[in-house]
Amino acid sequence: MRDLLLIFGAALVGALAVGGLGAAALRLLRGQTIMAHIWVLIAVTVGSVVAGIVVIARAMFLSTHDMQVVLITVAAGAAVSVAVGWLFGRRLAATAVWAAQARERERHLEKGRRDLVAWVSHDLRTPLAGLRAMAEALEDRVVSDPAGVAEYHRRIRVETDRMTQLVDDLFELSRINAGALRLSPSTVPLGDVVSDAVAATAPIADARRIQLVATESDWPAVRASEPELTRVVANLLLNAVRYTPEDGTVWVSGGSGTDGAWLAVADTCGGIPEADLPRVFDIAFRGERARTPRGIDGAVGGLGLAIVRGLVEAHGGRVDAHNIPNGCRFVVHLPAAP
């Protein structure tokens, strides 16, 4: 019994020595990856067993041949243990990273949903209150002269159009986020889409003395669904006009490169704070100073760029935003037509 206790004690000392080194290594690697920690744990586990066996083998004064047999046997077991530990360690690390990313994505989506509900509630409250006040004024004949009645009817129509646009945007976002968006790709001349969008946005730009310039370039054809692509271009143009001061300029350009076709919309809005650039495509994000639209009748801000990103990504493309001198530039990359 005494010999067994001595053997246990000697093996324990060897294992504790390896374990102490492993604990020190884990302390030094606190900021490293999960895989680095798993490697240390595997090394500590295998090293503790090997150290204990080697200590006892040397204490027993084994012959050279027997010592070699023991070491070869231990090495084989250690190799298998390290290989199995590495394989399952990689899976464990990948699962842990995926779970962390999934939790972060879920938190981001939940925050987006809360922000969207708060934003929609805020933006619906104002037009609804206005509609009710104007309807009550007409009903109580507070306004009875023909010119005043006509103006109230015009304002009711404007507010109704505004809420209709908001509902349409919400429906489009729900389709995108639910994966229910069904595209019908075809070969679409990008120049024709830009021309139609510029013509539709021109009255709004003219009302605010903003110059819309579509550059003369070799517009490529893209592989896209035309209704959704038209909405992408229209939203970008409306966003640029909305945040560009009066007497400003909005440029639209396009072309093709090694990675496909591209479309750019630049403006003279004065730029976006660098901290806000990664978030401009978030749902209902308006950034500093509430990024309030500058007096466009019927325009609703906050969802247009989120829809742009969703539609572009549904086409297999991407959209970026960056600052330029005295403004900002949005670039859409899309697959070129064969």
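Reading the values: rules and limits
- Every chain is numbered independently, its residues counted from 1 as its sequence is written.
- Local features in this predicted model are restricted to residues of pLDDT 70 or higher, and side-chain atom pairs are both shown and tallied only at a pLDDT of 80 or more, whereas totals for entire chains, interfaces and linings draw on every residue.
- For the side-chain quantities, the full set of heavy atoms in the structure was used; hydrogens and water were omitted.
- Note on classification: 1.4 Å probe, protein chains only; a residue is buried when its accessible area is under 20% of the maximum for its type, exposed when over 50%, partly exposed between these limits.
- Strands here mean DSSP runs of E at least two residues long; helices mean DSSP runs of H or I at least four residues long; both are numbered from the N terminus.
- We call two residues in contact whenever any of their non-hydrogen atoms come within 4.5 Å of each other.
- Here the expected length of a helix is defined as 1.5 Å per residue gap, with one fewer gap than residues.
- Here the bend at a residue means the angle between the axes of two seven-residue stretches, the one that ends at it and the one that starts at it.
- For every element, the axis is a line fit to its C-alpha atoms; helices are fit only across the contacting stretch, and the angle between N-to-C directions ranges from 0 to 180 degrees.
- Whether a crossing is left-handed or right-handed is set by the direction in which the near helix is turned from the far one by less than a right angle, anticlockwise for left-handed and clockwise for right-handed.
- Classification used: nonpolar for Ala, Val, Leu, Ile, Met, Phe, Trp, Tyr, Cys and Pro, charged for Asp, Glu, Lys and Arg, polar for all others including Gly.
- For salt bridges, the criterion is a side-chain nitrogen of Lys or Arg within 4 Å of an Asp or Glu carboxyl oxygen.
- Geometry of aromatic contacts follows a simple scheme: Phe, Tyr and Trp rings, the Trp one being its six-membered ring, pair when their centres are within 6.5 Å, and the pair is stacked under 30 degrees between planes, edge-to-face over 60, tilted otherwise.
- In this scheme, the term charge over a ring applies when either NZ of a lysine or CZ of an arginine sits within 6 Å of the ring centre and within 35 degrees of the ring normal.
- Strands pair, by our definition, only if DSSP identifies at least two bridges between them.

The α-helix winds at 3.6 residues per turn, so residues separated by three or four positions along the chain end up facing the same way. Of all 11 residues in helix H7 (residues 304-314), eight are buried; the element is thus mostly enclosed. When H7 is considered as a whole, its buried residues turn out to be Gly-304, Leu-305, Ala-306, Ile-307, Val-308, Gly-310, Leu-311 and Val-312. Buried-residue contacts for H7 involve helix H4 (146-178), helix H6 (226-243), strand S6 (318-324) and strand S7 (327-334).

What follows concerns helix H5 (residues 190-207). Compared with an ideal rise of 1.5 Å per residue, which puts 18 residues at 26 Å, H5 spans 26 Å between its outermost C-alpha atoms and is within 8% of the ideal. Along H5, the largest kink reaches about 40 degrees and is centred on Thr-201; proline Pro-203 follows within four residues of it. Residues Leu-190, Val-193, Val-194, Ala-197, Val-198, Thr-201 and Ala-205 constitute the buried set of H5. Next to the buried residues of H5 lie strand S1 (186-189), strand S2 (211-214), strand S3 (221-224), H6, strand S4 (249-257) and strand S5 (260-266).

In a packed pair of helices, the relevant descriptors are the angle between the two axes and the axis-to-axis distance. Two numbers describe how H6 lies on H7: the axes approach to 9 Å, and their chain directions differ by 150 degrees. The element H6 and its partner H7 pack so that their crossing is left-handed. On H7, the residues touching Glu-228, Arg-231, Val-232, Asn-235, Leu-236 and Asn-239 of H6 are Gly-304, Leu-305, Ile-307, Val-308, Leu-311 and Val-312. Taken together, the residues of the contact of H6 with H7 sort by class into seven nonpolar, three polar and two charged.

On inspection of all chains with the given rule, the structure shows eight salt bridges. The partner of Glu-104 in a salt bridge is Arg-107, with the nearest N and O atoms 2.7 Å apart. Separated by three residues within a single helix, Glu-104 and Arg-107 lie in helix H3 (residues 64-139), roughly one turn from each other. Here Asp-320 and Arg-318 are joined by a salt bridge, their closest N and O atoms 3.5 Å apart. Judged by its relative accessible area of 31%, Asp-320 falls in the partly exposed class. Via salt bridges that share partners, Arg-209, Glu-246 and Asp-247 belong to a single interconnected network.

Take the packing of aromatic side chains next. Using the criterion set out here, one finds one aromatic pair in the structure. Measuring from centroid to centroid gives 5.9 Å for Phe-281 and Phe-330, while their planes differ by 90 degrees, and the two rings are edge-to-face. Taken together, the positions of Phe-281 in the loop between S5 and H7 and Phe-330 in strand S7 put the pair 49 residues apart, joining distant regions of the chain. Neither Phe-281 nor Phe-330 differs from the other in exposure class; each is buried. Over the ring of Tyr-152 we find Arg-155; its NZ or CZ atom is 5.4 Å from the centre of that ring.

Among the seven residues of S5, six are classified as buried, and the element is accordingly described as predominantly covered. Where S4 meets S5, seven bridges bridge the pair, whose relative direction is antiparallel. Paired with Gly-254 across the strands is Leu-263, a residue of S5. Hairpin connection between S4 and S5: a loop of two residues separates the two successive antiparallel strands.

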